[in-house]
Amino acid sequence: MASVSIIAADPQSSTLFKHDDEDPPQSTEDAAGKAAEMGMLINDVDDTKNVQGELTIPESTHSFLFTEPVTSLPFLFSLYIAVMSYGCLIIALIDNLAHNDVPENVEIPVRVAQYMAILIALLMEEEIPTALHLLKRISKQHLQSKFPSSCYWRFVASSLLRFSLGYLFLVNVLVILIQANNVLEIFYDVLALQFLQQLDDIAFTVSKMEVLGKRMYLATMTPFFTTGFEKQDRFDTKKKIKYFLKGVYLLNLFLFLALMIRVSVKQVRGDFHCPSYTMIIGKGEEVWQEAYVVHPANSVQHPPGTIKVRNLVFSNFNGVYKMDETGRTSEGRPIYVEQSKADGLSQFDTLVPTFDTSFQPYSQMDPIKPAEIIYCNGRWLLVHDYIKKHENEENSDCGSWLLRSEPYDGFDLGGAGGGVWQIWEGEIGSTYVSLSCNVCEDNSDCNLNGECNEDGKCECNESENEIYLGTHCEVKLKDSCRNITNSGGEALGDKIVWSVDTAASESLVGKAGIFQEYSRPVYSYVTGLNEENAPTRDDNLALIYSGSRYFIMNLAQAKNNATSTYWQWQFKNYHGFWSGAYHPSISFLISEPTESDTPVGVDFFFVGEQDEMFGPWGALYPASEFAGHGLFRCDVPTPKTCNFCSKGITVDPTFIIPLSNGTSCGALAAYAPFLTWTEEDDDNAKICDSVLLGEEVCCPGEWAAGGDNATVLANTTA
């Protein structure tokens, strides 16, 4: 970097002051006389405006590019300095861009420092105005009139070098300001860039001191650096130059401010925050045995305002948390809301349909109230409006926290994850909390089991042999494990069959055509349980994951047409805690804590006596003879499913089928998938034959086409 030197001169003299070889004043009188002479000259300048400032070549190694021969040492040295400056600035830019680390938001002092640094950087940057000033003031004729042997295109190249270095400096500054989240970091980095830009000035000064040798010293003492280039006499040209330089400054300022304001607006709006995280709490053993659940004032399922003491299993709250869609924030940070366990992509339903009380205890149920992750008083907290530490606990600004991070002043939730959080289990304890952003950058973020699309979401692979589930395609379901049977635990039955290919309703089928909860496949009971454990005719069983354990749950009246709406809502809004996944009346088998993709190879236990002495799960008795043996294994024949109106109902779903005791087409379509059978147990096959008779009125087009079902029924009725 270098500044342009201006020398005031009169028409008869090349400089206002004498050179160093002139005799200095010999006395006070001589000095006074010289001062008077200077005063007279200055008055002349003010009065007549005849004296024009002269421009000299900047004292910089960049000037050696046209003042020295191409094969000379100074010329080569100037190239080396230029390459060094360019190289360092380019490396710094590449490194900053590679990190692409724009903070989610910044504190107010940092924001102020960013805008102050813009003005500072523009004032510090002199290469751009210097280059433009030289090109405007020194024409080819003007240069060669002073130095006939000089090469003008090399002078232009030197000026363009300055110009490009100046903008490379400004681009670096802009990137640093956008990525900054600390005040001192801003000023230190800007000063470091300024040093890189000033290498040419430093090298010239060192050369002028004769530190780098006689040849370099002589290059700094050539007439190029002492000869003045007079301003042009035309007033309009001078005015154009002045306005042009001002325009460049204003343009740079406008571009800086426009880009910085755009980034600031996006930060405040939350555009740089990860839109959703997957939270995993501990290893599944964290249980608060006396959590106070306060039923809301508008509850339709429980007496409003009543309190119930329950066991709270923290892993039930594992899963996806998404930025609040209404834009709610807490202390400048977004609030993350718990999402549905069925797909991790949608919210829990806020509206609950009315149920038939002939088969269910409630005509209407409370919607699932999701937990939230908020920032309060320097920590990230997991809170729930309905869960209190004590029945008389007073409300606070931060709510009644269940988990809280260590003190953290960052704006990103992910920065607080991957470490130890405090947990409330009746007293303050500690546990490990994992938080992974659900935005992918490449296929490795999808565990190489899927492709990262343009929206930053993983599209998991599906093949004949296996499919992958989960936000990061981390769960694998082999085709051979779509059906499982018991590998031990003969007390349950000789050959128990469970399958993922027994979907109860098309509206409930998730990715890859199977039920999912907590990114794990849900298995439905097919056949094989002994009489003691087998469900009744209208009941069914589900083998379902709840964040850390698998449960076998009894689904009362699940095969009854009248309960289809109830179970559809239950599966879509399933939650390990609020749905009561573990209760002795509905769960008779429970697994060990596991992160396994399927129940295969996992030890299970019978649920026994319930007492404080047995802990939160009660007495647990091994379902297998040996620990570590696992209860289930893969690879059994795929059960057959009743395929009613496979292409969809073509009449009003509420249409009542004649001679069916009031059964509608929609109810029959919801009931049919529950009818599964194997070659060894084909009782449901006969029922399915009767159900398929309804296709003649519910999907007459498919019936008339003579599909497989029509052929089967034709043979049956014959």
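So, here's what we can say about the structure. The numbering scheme is per chain: residues are counted from 1 as the chain's sequence reads. Given that the model is predicted, a residue must reach a pLDDT of at least 70 before its local features are reported, and side-chain atom pairs must reach 80 or more before they are shown or counted; all residues, however, enter totals for whole chains, interfaces and linings. Side-chain numbers come from the whole structure's heavy atoms, not from hydrogens or water.

**Details of the overall build of the protein chain**
- Secondary structure is summarised from DSSP: a helix means a run of H or I of at least four residues, a strand means a run of E of at least two, and numbering begins at the N terminus for each. Along the backbone of the protein chain there are 17 helices and 33 strands.
- Here the protein chain holds 718 residues, and 48% of them are scored as buried.
- Intrachain contacts of the protein chain at a sequence separation of at least 6 include 64% that bridge at least 24 residues.
- Computed with the Shrake-Rupley method and a 1.4 Å probe, the accessible areas treat only the protein chains shown as cover for residues. Carbon and sulfur atoms make up 55% of the accessible area of the protein chain, which totals about 35800 Å². Relative accessible area decides the class of each residue, using a 1.4 Å probe on protein chains only: under 20% of the type maximum gives buried, over 50% gives exposed, and in between gives partly exposed. In this analysis, two residues are considered to be in contact whenever any of their non-hydrogen atoms come within 4.5 Å of each other.

**Overview of the sheet that holds strand β27 (residues 550-555)**
- The strand order across the open sheet formed by nine strands is β30-β29-β28-β27-β26-β25-β22-β21-β31, and the pairing between neighbours is antiparallel. Here the strands that pair on one side only, and so sit at the sheet edges, are β30 (620-622) and β31 (632-634). Taking the axes of each pair of neighbouring strands and ignoring which way they run, one obtains an average angle of 30 degrees across the sheet.
- DSSP bridges decide pairing: two strands pair if at least two such bridges lie between them. Relative to strand β26 (residues 540-545), strand β25 (residues 523-527) runs antiparallel, the two sharing two bridges. Among the inter-strand pairings, Tyr523 is bridged to a residue of β26, identified as Leu543. Lines fitted to the C-alpha atoms define the axes, with helices restricted to the stretch that makes contact. Angles between their N-to-C directions range from 0 to 180 degrees.

**Notes on the pairing of β27**
- With five of six residues buried, β27 is to be regarded as a mostly interior element.
- Here β27 runs beside strand β28 (residues 587-591); their pairing, made up of three bridges, is antiparallel. For Phe551, the partnering residue across the bridge sits in β28 and is Ile590.

**Remarks on the sheet that holds strand β6 (residues 307-313)**
- Read from one edge of the open sheet, three strands run β6-β5-β13, paired in antiparallel fashion. What marks the edges here is a single partner per strand, and that holds for β6 and β13 (387-388).
- Pairing of strand β5 (residues 287-294) with β13 involves two bridges; the strand directions are antiparallel. Counterpart to Tyr292 in the pairing with β13 is Lys388.

**Some remarks on the packing of helix α8 (residues 183-197) against helix α9 (residues 199-208)**
- Between α8 and α9, whose axes approach to 5 Å, the crossing angle comes to 50 degrees. With respect to α9, the axis of α8 lies oblique. Taking contact as the criterion, the partners of Phe195, Leu196 and Gln197 in α8 are, on α9, Leu199, Asp200 and Ile202.
- Throughout, the ten residues Ala, Val, Leu, Ile, Met, Phe, Trp, Tyr, Cys and Pro are labelled nonpolar, Asp, Glu, Lys and Arg are labelled charged, and all others, Gly among them, are labelled polar. In the contact of α8 with α9, the residues fall into four nonpolar, one polar and one charged. Orientation is classified from the angle alone, with under 35 degrees giving roughly parallel, over 145 giving roughly antiparallel, 65 to 115 giving roughly perpendicular, and any other angle giving oblique.

**Observations regarding the pattern of salt bridges**
- By definition here, a salt bridge exists when the distance from a side-chain nitrogen of Lys or Arg to a carboxyl oxygen of Asp or Glu is within 4 Å. All chains considered together, the criterion is met by 14 salt bridges.
- Of the charged contacts in the structure, one is a salt bridge between Glu285 and Arg549, with a shortest N-O distance of 3.7 Å. Linking Glu285 in the loop between β4 (276-281) and β5 with Arg549 in the loop between β26 and β27, this pair joins segments that are 264 residues apart in sequence.
- Under the relative-accessibility criterion, Arg549 is labelled buried at 5%.
- Between Arg328 and Asp324 there is a salt bridge whose closest N-O contact spans 3.3 Å.
- By relative accessible area, which is 34% here, Arg328 ends up partly exposed.
- A relative accessible area of 15% means that Asp324 is categorised as buried.

**Structural notes on a negative patch on the surface**
- What makes a patch is a set of residues exposed beyond 30% relative accessible area and free of salt bridges, joined within 9 Å when like-charged and within 5 Å when nonpolar (Val, Leu, Ile, Met, Phe, Trp, Tyr). In this tally, Lys and Arg are treated as positive and Asp and Glu as negative; His is ignored, and so are the chain termini. Lysine's charge is taken at NZ, arginine's at CZ, aspartate's at CG and glutamate's at CD. Negative charge collects at one region of the surface, where Glu290, Glu609, Asp611 and Glu612 lie side by side.
- As for its placement among the helices and strands, Glu609 is situated in the loop between β29 (604-607) and β30.

**A few points about the environment of Ser346**
- Looking at the secondary structure, you find Ser346 in the loop between β10 (336-338) and β11 (372-376).
- By relative accessible area, which is 27% here, Ser346 ends up partly exposed.
- With 24 residues separating them along the chain, Ser346 and Lys322 place their C-alpha atoms 9.1 Å apart.
- Not counting residues within four places of it along the chain, the set of residues in contact with Ser346 comprises Gln339 and Ser340.
- At 3.1 Å, the side chain of Ser346 and the side chain of Asp343 are in polar contact. The term polar contact refers here to a pair of N or O atoms within 3.5 Å; inside protein, the definition further demands a hydrogen-donor-capable atom paired with an acceptor-capable atom, and it admits residues adjacent in sequence only when both atoms are side-chain atoms.

**Section: helix α12 (residues 564-572)**
- Along α12, the residues classified as buried are Ser564, Tyr566, Trp567, Trp569, Gln570 and Phe571.
- Against the buried residues of α12 lie β23 (516-517), β27 and α13 (665-671).

**Some remarks on unusual backbone geometry**
- Look at Ser519: it is not a glycine, yet its phi comes out positive at around 65 degrees.
- Positive phi, normally seen in glycine, also occurs at Cys645, with a value near 45 degrees.
- Within the element layout of this structure, Cys645 appears in the loop between β32 (640-641) and α13.
- Take Cys645: its relative accessible area is 6%, and that puts it in the buried class.

**Some thoughts on the packing of helix α3 (residues 73-99) against α9**
- Two elements in contact, α3 and α9, have axes whose closest approach is 9 Å; the angle formed by their N-to-C orientations is 150 degrees. Classed by the angle they form, the pair α3 and α9 counts as roughly antiparallel. With respect to the hand of their crossing, α3 and α9 are arranged in right-handed fashion. Between α3 and α9, the residues in contact are Phe77, Ile81, Met84 and Ser85 and Leu199, Asp200, Ala203 and Ser207, respectively.
- For the contact of α3 with α9, the residue count by class is five nonpolar, two polar and one charged. For any pair of crossing helices, the crossing counts as left-handed if the nearer helix is rotated counterclockwise from the farther one by less than a right angle, and right-handed if it is rotated clockwise.

**Describing the side chain of Arg520**
- Here Arg520 is to be found in strand β24 (residues 520-521).
- Within the buried set, Arg520 has no salt-bridge partner at all; the shortest N-O distance to an opposite charge, 4.6 Å, is to Asp597.
- Those residues in contact with Arg520 that lie beyond four places of it in its chain are Val475, Phe515, Tyr545, Tyr550, Glu595, Ser596 and Asp597.

**Quick word on the state of the cysteines**
- The term disulfide is used for any two cysteine sulfur atoms that are within 2.5 Å. All told, the structure shown has nine disulfides when counted by the stated rule.
- Between the sulfur atoms of Cys446 and its disulfide mate Cys458 the distance is 2.0 Å. Between Cys446 and Cys458, the disulfide has an S-S torsion of -90 degrees and is therefore left-handed. Of this pair, Cys446 sits in the loop between β16 (428-437) and β17 (450-452) while Cys458 is found in strand β18 (residues 458-460), placing the two residues twelve residues apart along the sequence.
- Judged by its relative accessible area of 0%, Cys446 falls in the buried class.
- Among the residues examined, Cys458 registers a relative accessible area of 17% and is labelled buried.
- One disulfide bridge connects Cys645 with Cys699, the sulfur atoms lying 2.1 Å from each other. Between Cys645 and Cys699, the S-S torsion sits near -85 degrees, and that sign places the bridge as left-handed. Of the two residues, Cys645 is situated in the loop between β32 and α13 and Cys699 in the loop between α15 (695-698) and α16 (700-704); the sequence distance between them amounts to 54 residues.

**Brief notes about the packing of aromatic side chains**
- Pairs were defined over the aromatic rings of Phe, Tyr and Trp, the Trp ring being its six-membered one, requiring ring centres within 6.5 Å. Orientation was assigned from the angle between planes: stacked under 30 degrees, edge-to-face over 60, tilted for the rest. All chains considered together, the criterion is met by 25 aromatic pairs.
- Each ring, one from Trp401 and one from Trp424, has its centre 6.2 Å from the other, and the planes form 80 degrees; the classification is edge-to-face. On the criterion of sequence distance, the pair formed by Trp401 in strand β14 (residues 401-404) and Trp424 in strand β15 (residues 419-424) is long-range, its members being 23 residues apart.
- Under the relative-accessibility criterion, Trp401 is labelled buried at 11%.
- Of the residues examined, Trp424 reaches a relative accessible area of 17% and is grouped as buried.
- Measuring from ring centre to ring centre gives 5.0 Å for Tyr566 and Trp567, while their planes differ by 80 degrees; the resulting arrangement is edge-to-face.
- The exposure class of Tyr566 is buried, given its relative accessible area of 12%.
- We classify Trp567 as buried; its relative accessible area is 13%.
- Counting as a charge over the ring demands two things of the Lys NZ or Arg CZ atom: a distance within 6 Å of the ring centre and an angle within 35 degrees of the ring normal. Above the plane of the ring of Phe577 lies Arg310, whose end atom (NZ or CZ) is 4.0 Å from the centre.
- The cationic tip of Arg549 hangs over the ring face of Trp617; the distance from NZ or CZ to the ring centre is 4.4 Å.

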